[in-house]
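# Structural description and commentary
This is what each chain is made of:
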Amino acid sequence: MKKYDHKAIERKWQKYWKTSKIYTTPDKAPGPASAPPSLKATDGHSKATAGKKENFYLLVEFPYPSGNLHAGHWYAFAVPDILARALRMQGKNVMYPIGFDAFGLPAENAAIKNKLNPRTWTEGNIAYMKKQIASMGTSFDWSREVITCNPDYYKWTQWLFLQLFKKGLAYQKETAVNWCPKDKTVLANEQVTDGKCERCDSEVVQKKMLQWNIKITDYADRLIDDLSGLDWPEQIKESQRNWIGRSNGAEISFPIEFENKNAPQPNFLLLHGYKGSPTGAFFSWLKRELESKGYAVQAPELPNTSEPKEYEQVKYVFDHCHIDENTVIIGHSLGAVVAMKLLQKINRPVGGLVLVAPAIDSAFANAEPRTYWKDFSWDIKYDKLKTLAGLRLVLSDAAEKGKRGAYIAHLADILDAQIAEGKANEEHFLGAQEPLVLAQLMPRITVFTTRPDTLFGATYVVLAPEHPWVKRALAHQRLLRNEKEIGRYIALTEKKSDMDRQTNKEKTGVRLEGVDAINPATRERIPVYIADYVLGHYGTGAIMAVPAHDERDFEFASRYGLPIREVISAQINADRLQVPIQTLSAQTRNNADKNGGELPYMGEGLMIDSGRFSGLTSQKGREAITEELGVKKTTYKLRDWIVSRQRYWGVPIPIIHCGKCGSQPVGDVDLPVELPEVKDYLPEGSGKSPLAKAKKWVAAKCPKCAGEAERETDTLDTFVDSSWYFLRYTDPNNKKEFASKEKQANWMPVNLYSGGAEHTTMHLLYSRFWHKALFDLGLVGESEPYKRRMNRSLILGPDGQKMSKSRGNVIDPDLVVERLGADTVRMYLAFIGPYNEVSSYPWNPDGVVGIRRFLERVWRMGQSTVDSPQLTVNANIEPVLHRTVKKIGEDIALLKFNTAISSLMILLNAIEKEGAIGQEQFGVFLKLLSPFAPHITEELWHEAGNKSSIHLEKWPVFDPALLRDENVTIAIQINGRTRGEVQVPTDSDKKTVEDAALAAVGSRVEGKKILRTIYVPSRLVNFVLEGE
RNA sequence: GCCGAGAUGGUGGAAUGGUAUACACGCAACACUUAAGAUGUUGUGAGCUUCAUGCUCUUGUGGGUUCGAGUCCCACUCUCGGCACCA
C-alpha cells in the first residue's frame, strides 16, 4: 500500500492549482445561481443576475509583510479558505483576495538598522511570505493582489485623500505629539514605553506640532446610528458605540465676576456686513446694551457698503477707530472678514475676535455671486490670528446649519475658536435684538453636563488647567490674586503625561483667587478652580461641580472643604426651577455614606434622595433646565483622526504649501506623488519627516499660482491605506479610477469580513468612516462596506500563554507543515474550536497528531477503496452519509468547522466499523472533506480515476428520505428523570410508543397512578407519577 | 469603576427546553513487537454498593419557572477582553 506522502502530494497540487489558475475569480461567472437553501450566506442581498452565479465576497484582513507567517496568520487565512472552497462548490462565484499592508514603521526601523532601502526589505518579505501562504493550500485569487506601497496603489490613496481634503474633511491643526528631545524625533505611541523613548530611553515630552487631521467626528452620529442595520456581533457594535462615546447633555454658561473692579474692561468694536450699517440688524440694540453695562463701544459706518472693497474698509477702520489690547472686534457676516483682515493689519494682540455668522470664503457654496468677491482677498492667515486674538469665538445660527454649518465648524476649528450655536431671532442674526450675541460677549465660563437637572447643586466650577480662559485671565496682571500658584499648577500638569494624569488619581487643584462664577439657577457666587481631573479636550474643558451627585466632585469637595448640596427630585418634578435646596456638610454626607447611603430626613416637606450619588433621574428636570438656562449639546469621546506621520515609509501627503495660496492639493495629473529617494531614513532634526531631506523633491510649483512652493513632507498613517484596499480588489488594475463603479457593484458590500478583535475600534471604524465619506462624494454605492463581520479567536502557545519568543512557546507553522502537512495544520486549526466565537485556544501538539491520524485513516480507506472498484454503494452507509452531508452543509454556513470535522470523523468511524465503502460514496466523502483538506482529497480524487480538480466539483446533495433510520431510541423518563430507553420503529404512533415504554419500566410504575404522560415524538416519553 | 463576553470531565470542546459530557486529545489495559514507537481493540465524569440491565450526585454558587433546565428568569461569585477622572 502506498504511503501518505504529504510533502509530494502538497507540492504537486499546489503547483497544479497555480498553473491551471482555477482560483482566478471572474467578475461574473456563467452558470445557474444555485445554492443549497440551508446556507445562511445568501441573506437576501443577492448580487446575482439571471444566468450568472451569485457573487460572494469573502474578505480577510491583509497581512503586514513582517517577513514571517505565524500560527495566527494560518488561523486567519486557512480557516476562512474552508468557507471559500465550500461556497464555490455550492455554486457561488467566490472572491477570496489577498494583498499586503506594506507601508509602516517596522520596514523603516529595519532600514535604519541595516542600512537597507525599506522597499527592498518589504519586497523581500513579501516574496517570502507569498511562498509561505502558497504552502497553506489556500484558494486566494492572486491576480487581484494589492500592495499598498506600490505607486499604482498609493496614487489612489492620495487621490482619495484629496477628495476628502477638498470636501473640508482633512485639515491641519496644532496637536500634541510624543517628542524625544535627544533623538529629535516624533515617536509613535508604540515607540514609547513607560514614558520613555524605546531607542534611547530618554524622557518623552509632549510637543505641539502641526498635524493633518481627518474629521471623523463629523460622522460620529452616523457611525453609531448605522450600526443597527448591520449583521455584526453585538459585541463589536457595542465597543464601537463605547469608543465613539456619544453623550447627550447641555452647555450651561456661568457668568463670572472679578473681585478687582479696576481690572481692565474690554471695549467693543462692531463691524457690520455687506449692505449693513451700525444701525441695521441688532447693532444699535447691542451697542445700547453694552454701554448700559458700562463698556465702551465703537460702531463705525464702513464705506461703500453696497460695493465693499477690502482695502478701503480695512483702512477706514484702521484710521478712524481706537484699538487696544482690550478691544474685542465683532464682525457680522462680511464684517467678519473685515475683522480678520483688520487684525492681520494691526498685527498686535487684541482682547478678542468674535465672528457672527461669518460668510467668508470664495468657495462658499449656495451663495449667489456678489461683486465684492473679487474685491476681497480670501487668503486669511489663520495661524497669525490665533496668536493675536485672546478670545476667539464663532457664532452660528442653527437655522443656517444646512448651508453654512459645516463651513463654520471648519472655520472654528482652524481658528481653534469656541463655537456657539443657537437660534437667532431672525436668520443670519438679522433680528433687531439678538440676545445670543450679547450673552456670548459677557464674561462667562461655559460648562458641559449630562445632568443639567443637578444645576441647583453646583457649588463650584472647575476648569481644565489647559483651558484657554485661564491663560487669558493670567495675561492680565492682578486679575487673579494667586497667579504664581496657578502658574505652578499649570506647569505641573503640562509636564505630566497622559499616563501620569490617569494613574495618579488623587484629586488636586487650585482655586482661582479673585474671581467667582454665578450659578445661573441659584444666583449664588461660587468659587472657580482649576484641577487636572477635568480634561481639556472633552466637552468645553470645564465642568460645574455637583459633589452631591458626582463621585469625583464629591472627592474633590471633601478634600477642599467645599459645600455639598443635594438636589431633591420630587421638588423639581412638582415645580421646576423653584427648588428648595438642602445644604449638607461634608461631615453629614460622610455619615450618610456610613449608613449604607441613607441620608437623614432633612425637614418639613422635603424628600431625600436615598441612592448614593444617584441623584434624580428626572428627564423632565433635565429638559426644563436645559431649556431655561442652557443649550442642548451632544459630545463624543471620539476625537479626530490624526493621519500625518513624520516618517519616510508611507504615502506622501499630496499637498503643496504656497506662501501666497496656502495649502493646495496636487493636481490629478501629477499623481502619484512618489516617495523620493533619500540617503538615510533617520528623521530630520527639526521633527520633520525624512522626506524633508530630499530638498529637490520638496521644492515645487504652486498648483494655483505657479509660484515657488514646498511639498508637504509628512506621510499618511497606514490606516488610511487599509481604509479602502477592499475596494481595489474589485478592480485591481484600473489605471483611470481607484475602482470603477461597475466593478464595485459586482462585489460590494463585502459579504463576510473576518479579522482580529484588535481592529474593532481602529481599522474597522476608520474604514467605515472612509466608506461613508466616499459614499457622500458619490464614489461608492453604499454607505457601509461590510455586511457581516466576525472577529477571530487567538491561537496561544501550548502553555496557554500568548506566543512570544521570550516565553519560548512559539509554534512555527512551517515546521509543523514540514512534518505533518498543510492539510493537517488547516484541519487542526479548524477543529480547535468554533470559528464564529471569540475566544483563545492553546496549540496542542498532540491534537495536531490526532488530526494527522485521521487523515492517515482517510488515506488507507482511499487505498482500499481504489482496490475494490466493484462496490459502488454500501447501503448500510447511506443514512449516515446523507446525515453527514446535511450536517456539514449547515455547520460550514454557521462557521462551525469544528463540529463539521467531528461529523466527518463520526462518518469515518462508521465506515471503518462497516468495513468498506462504495466507490461513489467515497467520492461524496472526499468532496465533503475537500474544503478542509484540499491536497489529500485532490490526490485521492485523481487516484479514483477523475481527471479534473475536485475543487471544481458540485457540493453533494442529500436525500431527505435517507436521513431516517428504521428504528429510533426513545428515552423513558419518570417525573423527568431518565429511567430507561426503548427501541421502536421510526413511524410508531403515540400509543405504541407509550405502551412499549410502560412495558420497559413496568415495575417502577406498578401500583402508582400516572397523572400525565408527556410524549415527544422520536425523543422521549415522560410519565408523571403521583406522590413522588 | 463602566461596558462586553464567558464559566460543562484531566484538556480543547458538543448539545432546536427533551437520554449532559458528541468528536478529539490525554490516560489505562490488552493485542502486535525482543523492546520502544507506530497501529489496532476495549475502557475512561464523580461517588456508593450487593460489581449490576444497580443506586446517588454532577454543567461556577444560591434561588425560581417547567412534567422536564447546561439552555429561560432573579441574585451572587469568579475568569477573560475592551475602555477608563469622558462630567
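Scope of this entry: the structure provided in the associated data block.

Rules used throughout
- Residues numbered from 1 in each chain as written.
- Chains lettered and ligands numbered in written order.
- Predicted model: local features only at pLDDT ≥ 70, side-chain atom pairs only at ≥ 80, totals over all residues.
- Heavy atoms only, no water.
- Helix = DSSP H or I, 4+ residues; strand = E, 2+ residues; numbered from the N terminus.
- Buried < 20%, exposed > 50% of the residue type's maximum accessible area, 1.4 Å probe, protein only.
- Contact = heavy atoms within 4.5 Å.
- Areas by Shrake-Rupley, 256 points an atom, 1.4 Å probe, with all protein chains shown as cover.
- Core = buried A, V, L, I, M, F, W, Y, C linked by side-chain atoms within 4.5 Å.
- Salt bridge = Lys/Arg side-chain N within 4 Å of Asp/Glu carboxyl O.
- 1 Å grid on protein atoms, 1.4 Å probe; cavity = no way out; pocket = protein on both sides within 12 Å on 5 of 7 lines; lining within 4 Å.
- Points joined across faces, edges and corners; volume = space filled by probe spheres on them.
- Nonpolar A, V, L, I, M, F, W, Y, C, P; charged D, E, K, R; others polar.
- Axes fitted to C-alpha atoms, helices over the stretch in contact; angles between N-to-C directions.
- Parallel < 35°, antiparallel > 145°, perpendicular 65-115°, else oblique.
- Left-handed = near helix turned anticlockwise from the far one by under 90°.
- Pairing = 2+ DSSP bridges.
- Expected span 1.5 Å × (residues − 1).
- Phe/Tyr/Trp six-rings, centres within 6.5 Å; stacked < 30°, edge-to-face > 60°.

## Describing the overall build of chain A
When its secondary structure is counted, chain A shows 35 helices and 40 strands. Relative to its 1028 residues, chain A shows a buried fraction of 53%. Taking as baseline every contact in chain A between residues at least 6 positions apart, the subset at least 24 positions apart corresponds to 75%. With the model as given, the accessible surface of chain A reaches about 45800 Å², and the carbon-plus-sulfur share is 50%.

## Things to note about the nonpolar core
Residues Phe738, Phe925 and Phe932 are the most contacted members of the largest nonpolar core, which totals 167 residues. The dominant element in this core, judged by the number of residues it contributes, is helix H2 (residues 71–89), at 13 residues. Apart from the residues within four sequence positions on either side, phenylalanine 925 is in contact with Phe854, Val858, Met861, Leu904, Leu907, Leu908 and Ile911.

## Description of unusual backbone geometry
Backbone torsion omega between leucine 671 and proline 672 reads 0 degrees, so that peptide bond is classified as cis. Within the fold, proline 672 resides in the loop between strand E29 (662–665) and helix H22 (695–698). Each neighbour pair has its own omega, and for methionine 748 with proline 749 the value is -5 degrees, a cis peptide bond. In this structure, proline 749 sits in the loop between helix H25 (741–747) and strand E33 (752–756). The phi angle at alanine 281 is positive, at roughly 45 degrees, despite the residue not being glycine. Looking at where alanine 281 falls in the secondary structure, it is placed in the loop between strand E11 (267–271) and helix H8 (283–292). A positive phi angle, near 55 degrees, is found at phenylalanine 429, a position not held by glycine. When you line up the elements, phenylalanine 429 lands in the loop between strand E16 (418–422) and helix H14 (435–441).

## Notes on the pattern of salt bridges
Should their charged atoms come close, side chains of opposite charge can pair. A complete count under the given rule lists 42 salt bridges for this structure. With its nearest N and O atoms 3.8 Å apart, the salt bridge here joins lysine 215 to aspartate 640. Here lysine 215, found in the loop between strand E9 (205–214) and helix H6 (220–225), pairs with aspartate 640, found in the loop between strand E24 (630–635) and strand E25 (641–642); they are 425 residues apart in sequence, far enough to count as distant.

## Comments concerning the layout of surface pockets
Space inside the second largest pocket adds up to approximately 870 Å³. In terms of lining, the second largest pocket is formed by 29 residues, of which the most central are Gln14, Lys18, Lys131, Ala134 and Ser135. If you list the elements that add at least two residues to the lining of the second largest pocket, you get helix H1 (6–20), helix H4 (118–134) and helix H27 (813–820). The biggest single contributor to the lining of the second largest pocket is H1, with eight residues. Of the residues belonging to the lining of the second largest pocket, the class tally is 10 nonpolar, eight polar and 11 charged.

## Comments concerning the packing of helix H28 (residues 822–831) against helix H29 (residues 845–867)
Where H28 meets H29, the axes come as close as 9 Å, and the angle between the chain directions of the two elements is 120 degrees. Judged by the inter-axis angle, H28 sits oblique to H29. Here the hand of the crossing between H28 and H29 comes out right-handed. Here Asp823, Thr824, Met827, Tyr828 and Phe831 of H28 lie close against H29, whose contacting residues are Gly847, Val848, Ile851, Arg852, Phe854 and Leu855.

## Here we look at empty space enclosed by the protein
Tallied over the entire structure, the rule returns one cavity of 30 Å³ or more. Considering only enclosed or pocket space, the largest cavity measures out at about 40 Å³ in volume. Surrounding the largest cavity, His272, Gly273, Tyr274, Lys275, Leu302, Thr305, Pro308, Gln313, Leu334, Gly335 and Val338 form its lining. The greatest single-element share of the lining of the largest cavity, amounting to three residues, is contributed by helix H10 (residues 334–346). Of the residues in the lining of the largest cavity, the class split is five nonpolar, five polar and one charged.

## Some words on the sheet that holds strand E39 (residues 1010–1016)
Judged by pairing direction, the sheet is mixed, and its four strands sit side by side in the order E38-E37-E40-E39 without closing on themselves. Among the strands making up the open sheet, the edge pair consists of strand E38 (977–985) and E39. Neighbouring strand axes in the sheet, compared pairwise and without regard to direction, differ in orientation by 20 degrees on average. The pairing of E39 with strand E40 (residues 1020–1025) spans six bridges and is classified as antiparallel. Note that in E40 the partner of tyrosine 1015 across the bridge is valine 1021. Together, strand E37 (967–974), E38, E39 and E40 form the strand contacts of helix H34 (residues 990–1000), whose direction differs from that of E40 by roughly 65 degrees.

## Digging into H2
Between the first and last C-alpha of H2 there are 27 Å, a value that for 19 residues agrees with the 27 Å anticipated at 1.5 Å per step. Burial analysis of H2 places 18 of its 19 residues in the buried class, which makes it a mostly covered element. Just past H2, the residue glycine 91 takes up positive phi, approximately 100 degrees.

## Topic: the environment of threonine 986
Tracing the chain through its elements places threonine 986 in the loop between E38 and H34. For the pair threonine 986 and valine 968, spaced 18 residues apart in sequence, the C-alpha separation works out to 5.4 Å. Once residues within four sequence positions are removed from consideration, threonine 986 is found in contact with Arg964, Asp965, Glu966, Asn967 and Val968.

## Considerations on H28
Among the 10 residues that make up H28, nine are buried, leaving the element largely enclosed by the rest of the structure. What H28 keeps buried is the set Ala822, Asp823, Thr824, Val825, Arg826, Met827, Tyr828, Leu829 and Ala830.

## Some remarks on the sheet that holds E25
Strands in a sheet are paired, the pairing made by backbone hydrogen bonds, and the direction either parallel or antiparallel. A sheet is described by the order of its strands in space; here four strands give the open sequence E6-E5-E9-E25, paired in antiparallel fashion. In this open sheet, the two strands that pair with only one neighbour each are strand E6 (185–187) and E25. Where strand E5 (residues 170–180) meets E6, three bridges bridge the pair, whose relative direction is antiparallel. In the strand pairing of E6, asparagine 178 is matched with leucine 187. The sheet strands contacting helix H5 (residues 151–166) are E5 and E9, and the helix crosses E9 at an angle near 90 degrees.

## Description of the environment of tyrosine 636
Mapped onto the fold, tyrosine 636 is located in the loop between E24 and E25. When its relative accessible area of 21% is taken as the criterion, tyrosine 636 is described as partly exposed. Taking the C-alpha atoms as reference points, tyrosine 636 and asparagine 242, 394 residues apart in sequence, are found 9.7 Å from one another. In this structure, tyrosine 636 is in contact with Ala220, Asp221, Ile244, Gly245, Arg246 and Tyr538, ignoring residues within four places of it in sequence.

## Points about the environment of leucine 963
With respect to the helices, strands and loops of the structure, leucine 963 is situated in the loop between helix H33 (934–943) and E37. Separated by 951 residues in the primary sequence, leucine 963 and lysine 12 place their C-alpha atoms 38 Å from one another. Setting aside anything within four residues of it in sequence, one finds leucine 963 in contact with His882, Arg883, Lys886 and Phe958.

## Overview of the packing of aromatic side chains
Applying the stated criterion across every chain, the model contains 42 aromatic pairs. A centroid spacing of 5.3 Å and a plane angle of 90 degrees characterise the contact between tryptophan 13 and tyrosine 16, whose relative ring orientation is edge-to-face. Here tryptophan 13 pairs with tyrosine 16, and both are found in helix H1, just three residues apart, close to one helical turn. Its relative accessible area of 4% is what places tryptophan 13 among the buried residues. Accessibility expressed as a relative area gives 29% for tyrosine 16, which makes it partly exposed.

## Examining the packing of helix H7 (residues 234–244) against helix H26 (residues 763–776)
One can describe the packing of H7 onto H26 by two numbers: an axis separation of 11 Å at closest approach and a directional angle of 80 degrees. With respect to H26, the element H7 is oriented roughly perpendicular. Contact residues: Ile236, Gln240, Trp243 and Ile244 in H7; Leu764, Leu765 and Arg768 in H26. Of the residues in the contact of H7 with H26, the class split is five nonpolar, one polar and one charged.

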